[in-house]
Amino acid sequence: MLTHRRRLAAVILGVALVVQACSNSSEPTASNESTATTEVGETTLRAETQEQATQTDEIDEVEEPTPVDMMSNPWEANARLAATLNLGGVLEVDRGETWGPDLALDDIDTIAAAGFTAVRVPVRWSVWADETPPFTIDDELHDRVDAVIERALANDLAVVLDVHHFELLTQDPEGQRERFMAIWRQIAERHADQPPEVIFEILNEPNTNLDGAIWNELSAEALGVIRESNPGRTVMIGPGNWYSVLELEQLELPDDDNLIASVHFYEPFRFTHQGATWVEGADQWTGTQWDGGEEDRRILADELALAGAWAEEQNVPMFVGEFGALIEADSDDRLAWVAFVRQTSEAEGFAWGYWDWATFNFGVYDNDAEAWNEDLLAALFGS
Ligand code: BGC
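Residues numbered from 1 in each chain as written. Predicted model: local features only at pLDDT ≥ 70, side-chain atom pairs only at ≥ 80, totals over all residues. Heavy atoms only, no water.

### Quick word on the sheet that holds strand β2 (residues 118-123)
Pairing is parallel in the closed barrel, where eight strands are placed in the order β1-β2-β3-β4-β5-β6-β7-β8. Averaged over all pairs of adjacent strands, the angle between strand axes in this sheet comes to 25°, irrespective of strand direction. Summarising the sheet, strand β7 (residues 318-323) and strand β8 (residues 351-354) pair through three bridges and their orientation is parallel. Across the sheet, residue Phe323 finds its bridge partner in β8, namely Tyr354. Across the sheet, helix α6 (residues 173-190) touches β3 (158-163) and β4 (198-201), and the angle it forms with β3 is around 155°. (Pairing = 2+ DSSP bridges. Helix = DSSP H or I, 4+ residues; strand = E, 2+ residues; numbered from the N terminus. Axes fitted to C-alpha atoms, helices over the stretch in contact; angles between N-to-C directions. Contact = heavy atoms within 4.5 Å.)

Encoded structure:
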């Protein structure tokens, strides 16, 4: 069991925090007028959509489809996620914590310019939601999330919006069930008018007591809650045991024709997580190599092929939503591993999401120096 993910409070990441959404003063791109008025653009976007809908009703008796009705199929949605970057360590942190990356809105412009097609936005909603009904989510968090989504869309980046680190739920699925549904109801209603490029992901890496049958039940129920306000939105679901490929067999996808399946890929774990401060015993894994030899490659390719076979059987598109290796790994091994996992995923027809943007240990971007790690970038985009 991967209790390793329990993050030690002492995560050494120093520095500043979270999205500067509310305080950031950088100018939005000119390409999208809807971002020009405010950084917290949800209200603006929604108001414009409603106004357009009203005008349409007056002109044309035939009811125009809403953006969500025009939703493309999940294959098209997954194609938009072809080269995704995880905004790790930003909104996934606990309230008041900082893990290093200090996301300003113009960083999202830089991400788009580098060639990424989407951002995955991990958000720790549960620590911003009341403990008692109606489990209201703090507006401060909504505003930050809205600003990120707005800026991503303005850059033509698709967005995966997830529920991340809901630790109480994974410990006590029944006890947190109502709260989980209430959190999703609020997120879904707030973003119901977003374009199809915004994809909801039900829960990052269910684990511990949230596995197998209970996860199948809760994920289907959460999808039902989402469908109340978002009938046509693409929704992503992954298996238990931290989104392990080997757990796919236990995953029962709800009967719904707009789903993407997702797995996370950190194999061999002792290589990718060597020295991870939040993983018990990982300090003893430093020096673990991945030389990219035939046997090393075969093991990874076989596991990814399992995911491919499952996806084909289920007739569902697949997104490797996280993969990456810590900076403690030998740098040549790390680059070879990233390139191999990325290329193999592409060969399987999967979309991928690199973990992550700018944490000091996984990041492809140095937030302080405002510079890409060109070698890692080449591993992600090279031929
Ligand atoms: C977690 C991160 C972690 C990463 C790799 C993600 O799902 O949210 O905090 O660094 O996995 O372990």
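There's plenty left to go through after this.
### Quick look at the packing of helix α3 (residues 105-113) against helix α4 (residues 139-154)
At their nearest, the axes of α3 and α4 sit 9 Å apart, and the two run at 35° to each other. The hand of the α3/α4 crossing is right-handed. For the pair formed by α3 and α4, the contact residues are Leu105, Asp106, Ile108 and Asp109 on the first element and Ala147, Val148, Arg151 and Ala152 on the second. Along the lines of polarity and charge, the residues of the contact of α3 with α4 split into five nonpolar, no polar and three charged. (Left-handed = near helix turned anticlockwise from the far one by under 90°. Nonpolar A, V, L, I, M, F, W, Y, C, P; charged D, E, K, R; others polar.)

### Let's talk about a negative patch on the surface
The grouping of Asp106, Asp366, Asp368 and Glu370 at the surface amounts to a negative patch. In this structure Asp106 comes out as partly exposed when scored by relative accessible area, which is 33%. (Patch = residues over 30% accessible without salt bridge, like charges linked within 9 Å, V, L, I, M, F, W, Y side chains within 5 Å. Areas by Shrake-Rupley, 256 points an atom, 1.4 Å probe, with all protein chains shown as cover. Salt bridge = Lys/Arg side-chain N within 4 Å of Asp/Glu carboxyl O. Lys, Arg positive; Asp, Glu negative; His and termini not counted. Charge placed at Lys NZ, Arg CZ, Asp CG, Glu CD. Buried < 20%, exposed > 50% of the residue type's maximum accessible area, 1.4 Å probe, protein only.)

### A few points about the pattern of salt bridges
According to the stated counting rule, one finds 18 salt bridges in the structure shown. The partner of Arg120 in a salt bridge is Glu322, with the nearest N and O atoms 2.9 Å apart. Of this pair, Arg120 sits in strand β2 while Glu322 sits in strand β7; the two residues are 202 residues apart in sequence, bridging distant segments of the chain. A salt bridge links Glu174 to Arg177, with the nearest nitrogen and oxygen atoms 2.9 Å apart. With Glu174 and Arg177 both in helix α6 and three residues apart, this pair spans about one turn of that helix. Assessed through its relative accessible area of 47%, Glu174 is described here as partly exposed. The class for Arg177 is buried, based on a relative accessible area of 17%. One continuous salt-bridge network, built from bridges that share partners, spans Arg120, Asp162, Glu201 and Glu322.

### Observations concerning the nonpolar core
If you look at the biggest cluster of nonpolar residues, it comprises 88 residues, and the most contacted ones within it are Trp125, Phe180, Trp184, Ile202, Phe323 and Trp337. Ignoring any residue separated from it by four or fewer positions in sequence, one finds Phe180 in contact with Val163, Phe166, Leu169, Ile202, Leu203, Leu218 and Ala222. (Core = buried A, V, L, I, M, F, W, Y, C linked by side-chain atoms within 4.5 Å.)

### Some words on the pairing of strand β6 (residues 259-265)
Within β6, seven of the seven residues are buried, which leaves the element mostly enclosed by the surrounding structure. Residues Leu259, Ala261, Val263 and Phe265 point to one face of β6 and Ile260, Ser262 and His264 to the other, with burial holding for every one of them. Pairing of strand β5 (residues 235-237) with β6 involves three bridges; the strand directions are parallel. What sits directly across from Ile237, in β6, is Ala261. Note: β6 against β7, five bridges, orientation parallel. Bridging from a neighbouring strand, Phe265 pairs with Phe323 of β7.

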